[in-house]
Each structure stands twice: as structure tokens, then as C-alpha cells.
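# Examination of the molecular architecture
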Amino acid sequence: MNESILITGANIGLGKETARQLALKEETKKVILFCRNPTKAESAKKDLEEQTGKKIFEIIIGDVSDANSVRKAVEKIKEPIDAIILNAGGVVGKTAANITPSGMNELAATNVLGHVVLVEELLTQGKIKKAVLLASSEAIRGVKPMGMKPVSMKTSSADEFAAVLDGSFFANQFDSLKAYGYVKYAATMWIFSMARKYPNIKFVAMSPGNTGGTNAPENLPAAMKFMMTYIMMPVVMPLIGMVHKLGVGASRFVDGISDERYKTGVFYASKEGKLTGDVVDQSSFFPDLKNTSFQDNADSAIHRFIK
Ligand SMILES: NC(=O)c1ccc[n+]([C@@H]2O[C@H](COP(=O)([O-])OP(=O)(O)OC[C@H]3O[C@@H](n4cnc5c(N)ncnc54)[C@H](OP(=O)(O)O)[C@@H]3O)[C@@H](O)[C@H]2O)c1
């Protein structure tokens, strides 16, 4: 039973829908919308209040690609929170390869850096009570029918993870759609390392599956955005059962923190070759996920960028 939940990137897409679904649960007393843009956050709060009839939403402003912004946001959190949903992120768009002051590129900083700082600062202050859920992705193990290749690292050493995070792993061929799976892999392996360090808190990675109705296509190159918005997501993918509605994707996050079937230290996503339907433990067909040395290497690589 989670009475208080903080969700990053909660002003639109999966984050906002997760906030809505959680607010409708009887036990929920507070939902914190962690957003980078105050105007978008206020507008989402107003919508959520209207949609749920509940005035239990609070806003915390922070940018997850910037460690100091997250630290300032943490100062505003006075009470312990039951569950944290690390949802902000995506493929980022044109600026994905830009190096941020941390040394990570923007893609990695957005999907990894701020979330690690947020959770670790809150844990230091004893302010996470029950669960942390990371929005991960099927991009890690690839999707054969869609031609999406799995993440393939040579050694999964700390140096190799660090190269993923600063973009040098991809040399001159940086493509944020490809790099995205690698960055989510680093974040997912960090979640597993945290699950071993904090056995009393549930650390789970969950993919929402291929979900329509989010803002994600906005960050794609123009031609791909057009294809995804008008052809693939509304027409082709539903025909082949490769996309589900916003509410379905968000319910995976809600269940991930609320349902005891979902265990700490596991990455749940769609079955092999699928992007929708039931979720299963991904280590059954991507065994590197269970390698504790690789998990520790990801953790150590991430901390090279946190000053
Ligand atoms: N949609 C899918 O099919 C799918 C599949 C697998 C995994 N996922 C993952 O699920 C999560 C949510 O995806 P979505 O499709 O709902 O995306 P979305 O509609 O684009 O929403 C992304 C959210 O993250 C916020 N955000 C981005 N950068 C941020 C930053 N630096 N600091 C704070 N907030 C930031 C955005 O805020 P702004 O509005 O201010 O930009 C927005 O609220 C992502 O982590 C994504 O990788 C999605």
C-alpha cells in the first residue's frame, strides 16, 4: 500500500497517466509531480484534479539531466515517500549527443543521471520507504520482428558503461534511437545493484511496452515522427498487436510498485519478440542482466559522472 508516490516527468504521457491511475486508488494520499517546466506542471496538476476529483497532487520542479537541479528539488521534500517512479526520459531528440556539465551526454543524463542522484539523496536522508521503479525498455533486448537489435557490449566493464554514458562507445555513429537501449541498460543494471544494496526496498525495472498517446514521437527526426504519428502508431502497429493504449502502459508502472507479484531486482517487460501483453523477467532471454559484476560496473561508471 503506497500512500505517497513521486513520479518524474509527470506532466504528460506515461508519467501523467500513472499519476491519474494512482490517485484513483483508495490508499493514495499524495502524488508528487516532479517536472522541469512549472507551467506544464501546473496545467497537468489542474487536469489531474479535474479528472480524478482529488486534490492530492503536489509539484516539485527539477530537471533530471542536471544533478544540482535534482539536489535543490530534494531539499523541498520534507516527508518520506513510499514509492518513487523514475519515468522522465526518452530518446531526447536533436540535443541527445550534447555533453552536459556532468560529462554524460544529454541522452544519458536525462535517463540516468538525475534519477540516480534523486534516489541516492533521498535514501541518504531516509526518505524512501518502500519502492523505486525505473521506466526501462524492450530496446535493451531488442525486438526481432521490428528489426530492433539487442544491446551488445563487449565486456560490460565500467569503462565500457562510461563510454555509453558519454557517447564515445558509439564513436562517430551516434544515433539516439540506438543509444537509447544502451542507456536504459545502464540504468537498469544500476537498479539491480541498488536492489542488492537495499534489500528492504523494492527496486524494480519495468517497461511500459510500446505505448501510444505519449509525447515521445515529438523527439524523433521529422520523417520518422510523421511515420510514427500518422501511420505506424495509429494504423500498422495496432494491426500487428505491437502497441497498446496509454492506460495499459501506465498500469504496468502502477502494478510494478503496488503488486507483490513484482519482485525486487527484476526487469519486467513484454515477452520475447513482443511489445505488448504480459510482462516477464527479461533475464530469461537476456542473461547479462543477472551478472552482478556487470551491475556493479554500471553503478561504478555512473558514479564517475556524479560530483
Ligand atoms: N512510450 C513508450 O512506448 C515507451 C516505451 C518504453 C519505455 N518508455 C519510457 O517511459 C518513460 C515515459 O515515456 P513517455 O513515452 O511517456 O514520454 P513523454 O510523453 O515524452 O514524456 C516524457 C516526460 O519526461 C519529462 N522529461 C524529459 N526530460 C526531462 C528532464 N530533463 N527533466 C525532467 N523531466 C523531463 C518530459 O517533460 P517535458 O514535457 O518538460 O518535456 C515529460 O514529462 C520514458 O522514460 C521512456 O523512455 C516509453
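Up top is the structure.
So, here's what we can say about the structure.

### Description of the site of the ligand
- Around the ligand there are 29 residues in total, and Arg36, Asp63, Asn87, Tyr180 and Asn215 lie nearest to it.
- Within the backbone of Leu14, a nitrogen or oxygen atom sits 2.8 Å from an oxygen atom of the ligand.
- At 3.5 Å from an oxygen atom of the ligand is found a main-chain nitrogen or oxygen belonging to Ala216.
- Protein burial of the ligand: of its 900 Å² of free accessible surface, 91% is covered by the chains.
- Going through the elements one at a time, α1 (13-23) and α6 (176-197) are the ones with two or more residues in the shell around the ligand.
- Broken down by class, the residue content of the shell around the ligand amounts to 8 nonpolar, 17 polar and 4 charged.

### Some remarks on the side chain of Asp299
- Counting through the fold element by element, Asp299 comes out in helix α9 (residues 292-303).
- Not counting the four nearest positions on each side in its chain, Asp299 is found in contact with Glu120, Trp190, Ser193 and Lys197.

### Quick look at the pairing of strand β2 (residues 30-35)
- Within β2, 5 of the 6 residues are buried, which leaves the element mostly enclosed by the surrounding structure.
- Pairing between strand β1 (residues 4-8) and β2: 5 bridges, direction parallel. What sits directly across from Ile7, in β2, is Leu33.
- Traced from β1 through α1 to β2, the parallel crossover comes out right-handed.

### Quick word on the pairing of strand β4 (residues 81-86)
- In terms of burial, β4 is largely enclosed, as 6 of its 6 residues are buried.
- Alignment of β1 against β4, held across 3 bridges, turns out to be parallel. Bridge pairing links Leu6 to Ile84 in β4.
- Across 5 bridges, β4 lies against strand β5 (residues 128-135) in parallel orientation.

### Quick word on the environment of Ala88
- For Ala88, the location among the structural elements is in the loop between β4 and α4 (106-124).
- The exposure class assigned to Ala88 is buried, which follows from its relative accessible area of 12%.
- Sequence separation between Ala88 and Leu134 is 46 residues, and the spatial gap between their C-alpha atoms is 9.4 Å.
- With near-sequence residues (within four places) excluded, Ala88 lies in contact with Thr8, Gly9, Val64, Thr110, Asn111 and His115.

### Here's the deal with the environment of Ala195
- Take Ala195: it is sitting in helix α6.
- Look at Ala195 and you get buried, because its relative accessible area is 9%.
- Along the sequence, Ala195 and Gly265 sit 70 residues apart, while their C-alpha atoms lie 5.2 Å from each other.
- Beyond its immediate chain neighbours, meaning those up to four positions away, Ala195 contacts Phe203, Thr264 and Gly265.

### Notes on the pattern of salt bridges
- Here the structure, examined in full by the defined rule, presents 13 salt bridges.
- A salt bridge links Lys55 to Glu49; the nearest nitrogen and oxygen atoms lie 3.5 Å apart.
- Taking relative accessible area as the criterion, Lys55 reaches 72% and is therefore assigned exposed.
- The partner of Lys197 in a salt bridge is Asp299, and the shortest N-O contact between them spans 3.0 Å. Pair noted here: Lys197 is in helix α6 and Asp299 is in helix α9, with a separation of 102 residues, a long-range link.
- Residue Asp299 is classed as buried on the basis of its relative accessible area of 10%.
- Each of the salt bridges in this network shares a partner with another, and the network as a whole consists of Lys45, Glu49 and Lys55.

Cut-off values and rules
For every chain, the first residue of the written sequence is number 1, and numbering continues from 1 onward in sequence order. Where totals are concerned, whole chains, interfaces and linings use all residues; where local detail is concerned, this predicted model gives features only for residues with pLDDT of at least 70, and gives and counts side-chain atom pairs only at 80 or more. Calculated side-chain values reflect all of the structure's heavy atoms, with hydrogen atoms and water omitted. Near is defined per residue: the residue qualifies when any heavy atom it owns lies within 4 Å of the molecule or strand. In protein, a polar contact means a hydrogen-donor-capable atom and an acceptor-capable atom, both N or O and within 3.5 Å, with residues adjacent in sequence counting only if both atoms are side-chain atoms; elsewhere, any N or O pair within 3.5 Å suffices. Accessible areas in this description were obtained via Shrake-Rupley with a 1.4 Å probe; residue shielding takes into account the shown protein chains only. Every helix listed is a DSSP run of H or I at least four residues long, and every strand listed is a run of E at least two residues long, numbered separately from the N terminus. Any residue outside Ala, Val, Leu, Ile, Met, Phe, Trp, Tyr, Cys, Pro, Asp, Glu, Lys and Arg is labelled polar, Gly included; the first ten of those are nonpolar and the last four are charged. Note on contacts: a residue pair is in contact if any heavy atoms of the two residues lie within 4.5 Å. Think of it in three bands: residues with accessible area under 20% of the maximum for their type are buried, residues over 50% are exposed, and the middle band is partly exposed, with areas taken using a 1.4 Å probe on protein chains only. One bridge is not enough; two strands pair if DSSP finds at least two bridges between them. Handedness is read with the strands pointing away from the viewer; a crossover is right-handed when the path from the first strand over the helix to the second is clockwise. Note on definitions: salt bridges are taken to be side-chain nitrogens of Lys or Arg within 4 Å of carboxyl oxygens of Asp or Glu.

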